[in-house]
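Listed here are the chains, written in short residue letters.
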Amino acid sequence: MTYNVRAHSYVVGGLGVTGQACVRFLKQQGAKVKAFDTRDTFNVSAPLNICVTTGSLPRDFFAGVDTLVLSPGLPLDIEQVIHAKACGVEVIGDVELFARLNTTPTIGITGSNGKTTVTLLTTHMLKACGYEVCEAGNVGRPVLETLPESVEELETQSPALDVIVLELSSFQLETTTSLKLNAASILNISDDHLDRHGDMQHYTAAKQRIFSHCDTAVVWRGDQQVAPTSNRENTITYGLDASDTGFGLSEGAITFDGELVLNTADIRLAGMHNVLNVMASLALCQAFNTSMNKPDLLSKAALAVASFTSAPHRCVEIANINGVKWIDDSKATNVGATIAAIQGLAPTTKGKIILIAGGDSKGADLSALKPALVESVSEVIALGKDAENFSAIFSETTIVASMEMAVSAANLRASNGDIVLLSPACASIDMFKNYMHRAQVFTDAVTHITASVKFARDAGAMKEAGGLPS
């Protein structure tokens, strides 16, 4: 181990889930550590037993400190970080600290959309192939919790896992410099987090860091900006076109180098965008296989697809009422995610798509949605802070005041064969606690319709049987 945790003195910035995990890990390793949080009050899951400063920091706060481990939720331009840099303190994140200590083979996944699905699916595939594996980072456990717990295990480099699959956000990647990955992929890039990164150039640059020290890049052929910016010898590509190299699609089947791997009928995830997610996961498994010189695992990975179920709130069908499919895609908090959902579902239905959307657009330009709306959506029912922005780009837009009203309006307009899709293209924080809460309110409203339909059906049956007066 070349990086000695105990040789450094740390400040942990931000005491959310990630920050608390950093404190626990550093204390476990015997490092000197204190912390700050930008909030006046915050909750901790267990006593930290360290010095914590809130708000503005005293002038000498970073005296004797050489490393600030910054939580991903805190931007690099806040006064506390500027203060640290002025004192000559190195600013890293928990993923960079992990990278300096990790000896376990690791796969990295980022993208504006689909990264949780691909992370969980890749983990599922590798488990089915017999590997001891876990997902971590932006989903699952904090990355530092995948490292050996004791100082002795860390120093003797005795990993308990065969492989770690990391979901990585742009916030996590922007503070990495030495993250070594056996395989990595940027699934897609669309307008998101521009309130944090400023513009697409900086956002894309943060994502591109995933390829800095990567053995094999997994690249979608549908978008040039997801390919490594520097020439790379080891690349596996995938796409929805027929291809004799990499992963392709031919006559309803996924192929690799032109050979059949998996029939798309065996994929339980809805939409063509999820066919791409499956391809990305298969490609990451194949890249891991190549990087580690392991026995072929592609066929086993493909078999595991049929037993995988999607993570909640990601294009999941929650009800089918009189032939109308109600789909929860509340996790679609940006324009790219909603475009992917619409374009993925449109080829699978002969009916119309009614879209429930809206919330806080985080400064993103919603006009990029217009082509998908015009081509595939019959009506948008919009709510929330930026609902009016949907009216500006799509004439068939109805604005409502609540999710319950949105579901009621969609129910009046939908008929057998249609899809009602909650895919907001916006953050939820203007009306809900988070996207999970938004999904729950949506589900509760749909459940109320289900109960009403069942009551009407039961009442009708009783009337037919003579149990109710006519």
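Just so it is clear, the structure is predicted and the values come from calculations on it, not from any experiment.

**Here's the deal with the packing of aromatic side chains**
In step 1: Within the structure shown, the criterion is met by five aromatic pairs.
In step 2: Where Phe36 meets Phe61, the ring centres are 6.4 Å apart and the plane angle is 75 degrees; that geometry is what we call edge-to-face. In this pair, Phe36 is assigned in strand E2 (residues 32–37) and Phe61 in the loop between strand E3 (52–54) and strand E4 (67–70), connecting sequence segments 25 residues apart. Taken as a pair, Phe36 and Phe61 share a single burial class, namely buried.
In step 3: Residues Trp326 and Phe442 carry aromatic rings whose centres are separated by 6.3 Å and whose planes lie at 50 degrees to one another, so their mutual orientation is tilted. With Trp326 in strand E16 (residues 324–328) and Phe442 in helix H15 (residues 435–464), this residue pair connects regions lying 116 residues apart in the sequence. Just as Trp326 is buried, Phe442 falls in that class too.
In step 4: Through a chain of ring-to-ring contacts, the aromatic side chains of Phe36, Phe61 and Phe62 assemble into a single cluster.
In step 5: Lys34 extends its terminal NZ or CZ atom over the ring of Phe61, reaching a point 4.1 Å from the ring centre.
In step 6: Lying over the aromatic face of Tyr435, Lys331 brings its terminal NZ or CZ to 5.4 Å of the ring centre.

**Some remarks on the sheet that holds strand E19 (residues 397–399)**
Strand pairing in a sheet is mediated by backbone hydrogen bonds. Such pairs are either parallel or antiparallel.
In step 1: Strands sit in the order E15-E16-E20-E17-E18-E19 across an open sheet of six strands; the sheet is mixed. Edge strands, defined here as strands with exactly one partner in the open sheet, are strand E15 (316–321) and E19. Looking at each pair of strands side by side, their axes are set apart by 20 degrees on average, direction ignored.
In step 2: Across four bridges, the pairing between strand E17 (residues 353–357) and strand E20 (residues 419–422) is parallel. Following the sheet pairing, Ile356 is matched in E20 by Leu422.

**Focus: the packing of helix H4 (residues 115–128) against helix H9 (residues 272–292)**
In step 1: Where H4 contacts H9, the two axes come as close as 9 Å, and the packing angle between them is 50 degrees. Between H4 and H9, the interaxial angle falls into the category oblique. For the crossing formed where H4 meets H9, the hand is right-handed. Here H4 contributes Thr117, Val118, Leu121, Thr122, Met125 and Leu126 to the contact with H9, which in turn contributes Asn274, Asn277, Val278, Ala280, Ser281, Leu282, Leu284, Cys285 and Phe288.
In step 2: Classifying every residue of the contact of H4 with H9 by side-chain character gives ten nonpolar, five polar and no charged.

**Some points on the sheet that holds E3**
In step 1: Reading across the sheet, the five strands line up as E3-E2-E1-E4-E5 and stay open at both edges, with parallel pairing between neighbours. The outermost strands of the open sheet, each flanked by one partner alone, are E3 and strand E5 (90–92). Across this sheet, the average inter-strand angle for adjacent strands is 25 degrees, counted without regard to direction.
In step 2: Bridge analysis of E2 against E3 gives three bridges, and the strand direction is parallel. Of the residues in E3, the one forming a bridge with Phe36 is Thr53.
In step 3: Strands strand E1 (9–13), E2 and E4 of the sheet are contacted by helix H1 (residues 17–28), whose axis makes an angle of about 160 degrees with E1.
In step 4: Seen against the sheet, helix H2 (residues 79–86) touches E2, E4 and E5 and runs at an angle of roughly 155 degrees to E4.

**Overview of H4**
In step 1: Taking 1.5 Å per residue, 14 residues should reach 20 Å; H4 reaches 20 Å between its end C-alpha atoms and fits that length.
In step 2: The buried fraction of H4 is high, at eleven of 14 residues.
In step 3: Of the positions making up H4, those classed as buried are Lys115, Thr116, Thr117, Val118, Thr119, Leu120, Leu121, Thr122, Thr123, Met125 and Leu126.
In step 4: Those residues of H4 hidden inside the fold are in contact with strand E6 (106–110), strand E7 (133–137), strand E8 (163–167), helix H8 (200–208), H9 and helix H10 (298–304).
In step 5: Once H4 finishes, Gly130 follows within two positions and takes phi at roughly 95 degrees, a positive value.

**Thoughts on unusual backbone geometry**
In step 1: The phi torsion at Cys315 lies on the positive side, around 55 degrees, for a residue other than glycine.
In step 2: Accessibility expressed as a relative area gives 6% for Cys315, which makes it buried.
In step 3: At Lys362, a position not held by glycine, the phi torsion is positive, near 55 degrees.
In step 4: Mapped onto the elements, Lys362 comes out in the loop between E17 and helix H12 (370–376).

**Regarding the pattern of salt bridges**
In step 1: Applying the stated criterion across every chain yields a total of ten salt bridges.
In step 2: Put simply, Glu90 and Arg100 hold a salt bridge, and the shortest N to O gap is 2.6 Å. Highlighted residues: Glu90 in strand E5 and Arg100 in helix H3 (residues 94–101), separated in sequence by ten residues.
In step 3: Salt-bridge contacts for Lys352 lead to Asp418; the nearest nitrogen and oxygen are separated by 2.6 Å. Of the two residues, Lys352 sits in the loop between helix H11 (335–345) and E17 while Asp418 sits in the loop between helix H14 (403–413) and E20, which places them 66 residues apart along the sequence.
In step 4: Given the relative accessible area of 28%, Lys352 is considered partly exposed.

**A look at the nonpolar core**
When a protein is soluble and globular, its nonpolar side chains tend to lie buried together.
In step 1: Judged by nonpolar contacts, the single largest core of 44 residues is most densely connected at Ile107, Leu126, Phe247, Ile254, Val278 and Leu282.
In step 2: At the level of secondary structure, the elements contributing two or more residues to this core comprise E6, H4, E8, strand E11 (235–238), strand E12 (247–250), strand E13 (253–256), H9 and H10.
In step 3: Per-element accounting of this core gives the leading share, eleven residues, to H9.
In step 4: With sequence-adjacent residues up to four places away left out, Ile107 is seen in contact with Thr122, Leu126, Val163, Ile164, Val165, Leu166, Leu181, Ala183, Leu284 and Phe288.
In step 5: Of all hydrophobic cores here, the second largest spans 43 residues; its members include Val23, Leu97, Leu161 and Ile164.

**Side note on the state of the cysteines**
In step 1: Under the criterion given, the structure shown has zero disulfides.
In step 2: Note on Cys22: no disulfide assigned, nearest cysteine sulfur contributed by Cys134 at a separation of 16 Å.
In step 3: The exposure class assigned to Cys22 is buried, which follows from its relative accessible area of 2%.
In step 4: Unpaired in terms of disulfides, Cys315 finds its nearest cysteine sulfur in Cys426, a separation of 16 Å.

Criteria and cut-off values
- Residues numbered from 1 in each chain as written.
- Predicted model: local features only at pLDDT ≥ 70, side-chain atom pairs only at ≥ 80, totals over all residues.
- Heavy atoms only, no water.
- Phe/Tyr/Trp six-rings, centres within 6.5 Å; stacked < 30°, edge-to-face > 60°.
- Helix = DSSP H or I, 4+ residues; strand = E, 2+ residues; numbered from the N terminus.
- Buried < 20%, exposed > 50% of the residue type's maximum accessible area, 1.4 Å probe, protein only.
- Lys NZ or Arg CZ within 6 Å of the ring centre and 35° of its normal.
- Pairing = 2+ DSSP bridges.
- Axes fitted to C-alpha atoms, helices over the stretch in contact; angles between N-to-C directions.
- Parallel < 35°, antiparallel > 145°, perpendicular 65-115°, else oblique.
- Left-handed = near helix turned anticlockwise from the far one by under 90°.
- Contact = heavy atoms within 4.5 Å.
- Nonpolar A, V, L, I, M, F, W, Y, C, P; charged D, E, K, R; others polar.
- Expected span 1.5 Å × (residues − 1).
- Salt bridge = Lys/Arg side-chain N within 4 Å of Asp/Glu carboxyl O.
- Core = buried A, V, L, I, M, F, W, Y, C linked by side-chain atoms within 4.5 Å.
- Disulfide = S-S within 2.5 Å.

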